[in-house]
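# Results of the structural survey
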Amino acid sequence: MKDLFKGCWTIPNLLSFIRILLIPVFAYLYYNDMKIEAVAVLAASGLSDMFDGKIARRFNQISALGKILDPVADKLTQITIAVMLFLDFKSAENTMINAFGWVFLVFLIKEAVMLIGGLVMLLLNIRPGAAEIYGKLATTVFYVGMTLIIAIGPEVGALNELLGFEMPALLTGIIVVVSAIMTLVAFASYMPETFRQFKEHFDNKKAEKSAK
């Protein structure tokens, strides 16, 4: 635990913590039909996610806590967005939008598995790895796609009345499906390293028992 908090007072970690604090703010605004404000909060969250990694690498502010805090902030944000949009899509009058609502279960199941897996790794004193390129790409696609849907998606778009325009239902569905596929690719990319870490952990435990 000492090593985990060593050098933790950094700007990237502060940005990740702010992203976590923005989650209930986004949920409150979205639930209370203040979707324009919710879009602004989501955009700010996405930008902070983009900049914290750049700042960490540019100013050598990479920390053990940051490697955990950043993906946790991403996962909690994505779970919240997926739940909100799942409920909106399932209550939509448009049958196509209604059908695509089930795709959000892919995000929820994947994030739940990764959160539980990450917790198990921490309990076993295995340090979860930093996000791979596929993970970062999937997160970016998710943020951009879901922000577009919340802004101009059919029936759910915050800016539809203001702009007099809404995204076609088919395009909305394609964005959701592409985001889900990227999420599954990212999930698959974590598996080899995760299995390697578990194998190494149990091999070490076995070696320690044999040595006694």
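About the thresholds
Residues numbered from 1 in each chain as written. Predicted model: local features only at pLDDT ≥ 70, side-chain atom pairs only at ≥ 80, totals over all residues. Heavy atoms only, no water. Helix = DSSP H or I, 4+ residues; strand = E, 2+ residues; numbered from the N terminus. Expected span 1.5 Å × (residues − 1). Bend = angle between axes of the 7 residues up to and from the residue. Polar contact = N/O pair within 3.5 Å; in protein donor to acceptor, adjacent residues only side chain to side chain. Contact = heavy atoms within 4.5 Å. Core = buried A, V, L, I, M, F, W, Y, C linked by side-chain atoms within 4.5 Å. Buried < 20%, exposed > 50% of the residue type's maximum accessible area, 1.4 Å probe, protein only. Axes fitted to C-alpha atoms, helices over the stretch in contact; angles between N-to-C directions. Parallel < 35°, antiparallel > 145°, perpendicular 65-115°, else oblique. Left-handed = near helix turned anticlockwise from the far one by under 90°. Nonpolar A, V, L, I, M, F, W, Y, C, P; charged D, E, K, R; others polar. Salt bridge = Lys/Arg side-chain N within 4 Å of Asp/Glu carboxyl O.

## Comments concerning helix H8 (residues 169-211)
Taking 1.5 Å of rise per residue, 43 residues should cover 63 Å, and H8 covers 63 Å from first to last C-alpha, within 8% of that figure. Along H8, the helix axis deviates most sharply at Met 191, where the bend reaches about 30°; the proline Pro 192 sits within four residues downstream.

## Let's talk about the side chain of Ser 45
For Ser 45, the location among the structural elements is in helix H2 (residues 35-58). Polar contacts involving the side chain of Ser 45 include one to the side chain of Tyr 143, which spans 3.4 Å. Among all residues touching Ser 45, those that are not within four sequence positions of it are Arg 19, Leu 22, Thr 77 and Tyr 143.

## Points about the nonpolar core
Side chains of a nonpolar character, in soluble globular proteins, are inclined to be buried together. Ranked by size, the top nonpolar core spans 34 residues in total, and within it Phe 26, Tyr 30, Leu 85, Phe 89, Phe 104, Met 146 and Ile 149 carry the most contacts. Element by element, the count of residues in this core is highest for helix H6 (residues 133-152), at seven residues.

## Let's talk about H6
The end-to-end C-alpha distance of H6 is 28 Å, a good match for the 28 Å that 20 residues give at a rise of 1.5 Å each. Along H6, the residues that are buried comprise Gly 135, Ala 138, Thr 139, Phe 142, Tyr 143, Gly 145, Met 146, Thr 147, Ile 149, Ile 150, Ala 151 and Ile 152.

## Quick notes on the side chain of Ser 179
Among the secondary structure elements, Ser 179 is positioned in helix H8. Those residues in contact with Ser 179 that lie beyond four places of it in its chain are Phe 107, Val 141, Phe 142 and Met 146.

## Here we look at the environment of Glu 193
In this fold, Glu 193 is placed in helix H8. Among the residues examined, Glu 193 registers a relative accessible area of 32% and is labelled partly exposed. There is a polar contact of 2.6 Å between the side chain of Glu 193 and the side chain of Arg 196.

## Describing the packing of helix H5 (residues 104-123) against H8
Remark: H5 packs on H8, axes separated minimally by 10 Å, with the N-to-C direction vectors making an angle of 20°. Comparing the axis directions of H5 and H8 gives the class roughly parallel. By crossing handedness, the relation of H5 to H8 is classed as left-handed. Taking contact as the criterion, the partners of Phe 104, Val 106, Phe 107, Lys 110, Val 113, Met 114, Val 120 and Met 121 in H5 are, on H8, Val 176, Ser 179, Ala 180, Thr 183, Leu 184, Phe 187, Tyr 190, Thr 194, Gln 197 and Phe 198. Taken together, the residues of the contact of H5 with H8 break down into 13 nonpolar, four polar and one charged.

## Let's talk about the pattern of salt bridges
Within this structure, the stated rule accounts for seven salt bridges. The salt bridge partner of Lys 75 is Glu 111, with a shortest N-O separation of 3.6 Å. Of the two residues, Lys 75 is situated in helix H3 (residues 64-90) and Glu 111 in helix H5; the sequence distance between them amounts to 36 residues. Note on Lys 75: relative accessible area 11%, which makes it buried. A salt bridge links Glu 193 to Arg 196, with the nearest nitrogen and oxygen atoms 2.6 Å apart. Of this pair, Glu 193 and Arg 196 both sit in helix H8, three residues apart, roughly one helical turn. The network of salt bridges with shared partners includes Lys 75, Lys 110 and Glu 111.

## Let's talk about the packing of H6 against H8
Contact geometry for H6 and H8: axes closest at 8 Å, N-to-C directions at 160°. Comparing their axes, H8 and H6 come out roughly antiparallel. Here H6 runs over H8; the crossing is left-handed. Facing H6, whose interface residues are Tyr 134, Gly 135, Leu 137, Ala 138, Val 141, Phe 142, Gly 145, Met 146 and Ile 149, H8 presents Thr 172, Ile 175, Val 176, Ser 179, Met 182, Thr 183, Val 185, Ala 186, Ser 189 and Tyr 190. Its residues assigned to classes, the contact of H6 with H8 comprises 13 nonpolar, six polar and no charged.

## Looking at the environment of Leu 124
Residue position: Leu 124 is located in the loop between H5 and H6. Spatially, the C-alpha atoms of Leu 124 and Phe 202 are 9.7 Å apart, while their sequence positions differ by 78 residues. With near-sequence residues (within four places) excluded, Leu 124 lies in contact with Phe 198, His 201 and Phe 202.

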